[in-house]
Amino acid sequence: MKCRRVEMEAKVEKYELGKGLEDGFELWTDVVTTGWIVTEALIKVDRENGSIVCPYILHRRGRTFINEGDYIITDADGTKHVCGEDKVFKRYEKIE
């Protein structure tokens, strides 16, 4: 089968708390007890009630937690991805 990669535009934004780029937050204690994720670089947000939460985005495979320095990629169809600062501009190029 022959396939072609279709080039398309995407919105690329460095994650910042308060911009509404995340789809939700998970309690830090739940993230840690899950045990299958590396937690050192995760963004941790202190809530007024004393709890600590981590932001994530939802996609077809589940949740991806957002690390310090990550970018949120939103495709034209609204699908979101998380991409590390070290890879984002190797995979995406700026257009004018």
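The preceding data block contains the structure.
The following refers to the structure shown. (Residues numbered from 1 in each chain as written. Predicted model: local features only at pLDDT ≥ 70, side-chain atom pairs only at ≥ 80, totals over all residues. Heavy atoms only, no water.)

## Here's the deal with the sheet that holds strand 6 (residues 71–75)
For clarity, the cut-off: One requirement defines pairing of two strands: DSSP has to find at least two bridges between them. To qualify as a helix, a DSSP run of H or I must reach at least 4 residues; to qualify as a strand, a run of E must reach at least 2; elements of each kind are numbered from the N terminus. For every element, the axis is a line fit to its C-alpha atoms; helices are fit only across the contacting stretch, and the angle between N-to-C directions ranges from 0 to 180 degrees.
Read from one edge to the other, the open sheet built from three strands follows the order 1-6-7, with strand pairing classed as antiparallel. Looking at which strands have only one partner, the edges of the open sheet turn out to be strand 1 (10–14) and strand 7 (80–83). Direction aside, neighbouring strands of the sheet carry axes that sit 25° apart on average. Pairing of strand 6 with strand 7 involves four bridges; the strand directions are antiparallel.

## With respect to the side chain of K80
Condition: The rule is simple: take the accessible area with a 1.4 Å probe, protein chains only, and divide by the maximum for that residue type; under 20% is buried, over 50% is exposed, in between is partly exposed. In protein, a polar contact requires one atom able to donate a hydrogen and another able to accept it; more generally it is a pair of N or O atoms within 3.5 Å, and residues adjacent in sequence count only if both atoms are side-chain atoms.
Residue placement: K80 occurs in strand 7. On the basis of relative accessible area, K80 is assigned to the buried category, the value being 18%. A polar contact is formed between the side chain of K80 and the side chain of D23, at a distance of 3.0 Å.

## A look at the pairing of strand 6
Of all five residues making up strand 6, four are buried, and the element is well covered by its neighbours. Across five bridges, strand 1 lies against strand 6 in antiparallel orientation. Bridge pairing in strand 6 links E13 to I72. Count of turn residues in the strand 6/strand 7 antiparallel hairpin: four residues, of which G78 carries a positive phi of about 95°.

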